[in-house]
Amino acid sequence: MNKRIPLGITLALMMVTAAITVTITMVMSQQKFDEKLGNINERRAMYAKISEIETKVRENYFGEIDETELMDMVAGGFIAGIGDKYSTYLTAAQTTELNSEISGKATGVGLRVTEAADGNIYVYQVMNTSPAQTAGLQKGDVVIRVGDSNVTDIGYQEATKLLSGEVGTTVNLTVRRGEEELSFTLTRATYENYTVSAGIMSGIGIVKIDEFNNNTDEQFIGAVEALLAQEPVGLVFDLRGNTGGTLESVCAMLDYLLPAGDVVSRTDNTGTHVIYTSDDHEIDIPMTVLVNEKTASAAELFACALRDYGKAQLVGTTTYGKGSIQNLFTLSDGSSINLTVARFNPPKSENFEGVGLTPDVEVALTEEEQANFYFMSPMDDPQLKKAMELLNPPVPTDYVEVPFSPAPTYVPTGNTSAAEDGASVAPESSSGEEAPAASQEPAGSEAPPAEEAPAQAPAEGAA
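Chemist: I tried to follow the overall build of the protein on my own but got confused; where do I start?
Modeler: A count of helical and extended segments in the protein gives 11 helices and 22 strands. When each of the 463 residues of the protein is scored for burial, the buried share is 46%. Sequence-distant contacts in the protein: of pairs separated by 6 or more residues, those separated by 24 or more amount to 71%. Accessible surface for the protein amounts to roughly 22500 Å². Of this, 54% is attributable to carbon and sulfur atoms.

Chemist: What should I look at first to understand the confidence of the model for the protein in this one?
Modeler: Note: predicted coordinates in regions of low pLDDT should not be interpreted at a detailed level. Taken as a whole, the protein shows an average pLDDT of 83; of its residues, 79% reach a score of 70 or greater. The model gives residues 417-422 a pLDDT under 50, and that stretch makes 8 contacts with residues more than four places away or in other chains. Across residues 426-459 the pLDDT falls below 50, and counting only partners more than four positions away or on other chains, this stretch makes 117 contacts in the model.

Chemist: Help me out: how do you make sense of the packing of helix H8 (residues 247-257) against helix H9 (residues 298-308) in this one?
Modeler: In the contact formed by H8 and H9, the axes pass within 10 Å of each other and the chain directions differ by 20°. Judged by the angle between their axes, H8 and H9 are roughly parallel. Of the two elements, H8 crosses H9, and the hand of that crossing is right-handed. Each of Leu 247, Val 250, Met 253, Leu 254 and Leu 257 in H8 lies in contact with H9, whose residues at this interface are Ala 298, Leu 301, Phe 302, Ala 305 and Leu 306. Among the residues forming the contact of H8 with H9, the class breakdown is 10 nonpolar, no polar and no charged.

Chemist: In this structure, what is going on with the pairing of strand E16 (residues 312-316)? I would like to understand it.
Modeler: Regular strands place their side chains on alternate faces of the sheet. Extensive coverage of E16 is indicated by the burial of 4 of its 5 residues. Pairing analysis gives 5 bridges linking strand E15 (residues 287-291) to E16, with the strands arranged parallel. Residue Met 287 lies in a different strand from E16, and its bridge partner there is Ala 312. For the crossover from E15 across H9 to E16, the handedness is right-handed. The pairing of E16 with strand E19 (residues 361-362) spans 2 bridges and is classified as parallel. Counted as the bridge partner of Val 315 is Val 361 from E19.

Quick notes on the rules
Residues numbered from 1 in each chain as written. Predicted model: local features only at pLDDT ≥ 70, side-chain atom pairs only at ≥ 80, totals over all residues. Heavy atoms only, no water. Helix = DSSP H or I, 4+ residues; strand = E, 2+ residues; numbered from the N terminus. Buried < 20%, exposed > 50% of the residue type's maximum accessible area, 1.4 Å probe, protein only. Contact = heavy atoms within 4.5 Å. Areas by Shrake-Rupley, 256 points an atom, 1.4 Å probe, with all protein chains shown as cover. pLDDT = per-residue confidence, 0-100. Axes fitted to C-alpha atoms, helices over the stretch in contact; angles between N-to-C directions. Parallel < 35°, antiparallel > 145°, perpendicular 65-115°, else oblique. Left-handed = near helix turned anticlockwise from the far one by under 90°. Nonpolar A, V, L, I, M, F, W, Y, C, P; charged D, E, K, R; others polar. Pairing = 2+ DSSP bridges. Right-handed = clockwise from strand over helix to strand, strands pointing away.

Next up, the structure:
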């Protein structure tokens, strides 16, 4: 039998419910108001302090003030004050340089170099389509003179600076090649920055990825396609010294390699949501990935995603451990802030911020091997040999470079709708920090903080 609730009780319950709702709303509104008021008061105090400092300085400082430098230092100090080692302020010039690098273009002569044992400049890579390649420089050349200066007289760091310069300007180099001394005149230019190289050894394809720029995915897919045409028994992806880059490029590369499924999710102030998925196209061949303590961010995502899907084992040493996303916000005067906005998560594993990835097979280099990293033959590289051993290679053969076209034969069709422009998963944006061991051009733009990245090789510089 149904019982009727008296109208008076019903009205009373409705009034109580409304009162509770109003009370909760008022409490929440008061809390938000208090927070905003607190923030306003804090900001007023901050601006008042800056204004007081400015007044004291301008009234009492004995000297000239560079207004542009002062503004840059104030802006840089603000970003440094938030306490995030990955968020940085970039001047207008640094912003232009970073945008150029991300786009896949580089300016200079086109050399990747490190310091030779005798203090000269050792060339370990000559970039395709660069002035250096056009002039005839080769891997293994030792630059002993830049202009009229001997490298050993002025020092390695100063000598590498002399290699840089404006487009259209020239620089004279003298190199030692075997027993010969050869002279070259190079005209600096803007050229395609190749961040991928490929080779084959013992029937195994080896793909070296230096960083992730907007054109890295096309180069990568072109390199893998060229290697697959030679029917290798497996692939090794070398990410040692790779300190990261753009999120969209690494996702496109993973889309190409992985089966259908999630590639990466994002955790920010709104929660966690998937921002990139892979289609059902995949590369079905045994793989291993080489990593070390300077493998960071986007490179860690690449390695972890392949392992998450059971596609590859990791070989080397524990990686750097950076799982956050930075967005570049350009300011009205052309400068910018590269600000941490979220964390990114691998397909199945936990975020590795501050932890890194532990390799499946740990192989550490000796101090001597680290010092000679860029001089070491692939046949003598213990980490590479172990990565190949896991793929059961045939009788060892010499390493042979494999040419490739950056135009891919497969265009990834995974979901990119949430991968916003400017998203970067690089350890740190250009701010004048010390470059990582893997010399880039431009160098030093995306590297773990120097104090947290132990040296792997001799000092490097832009060329």
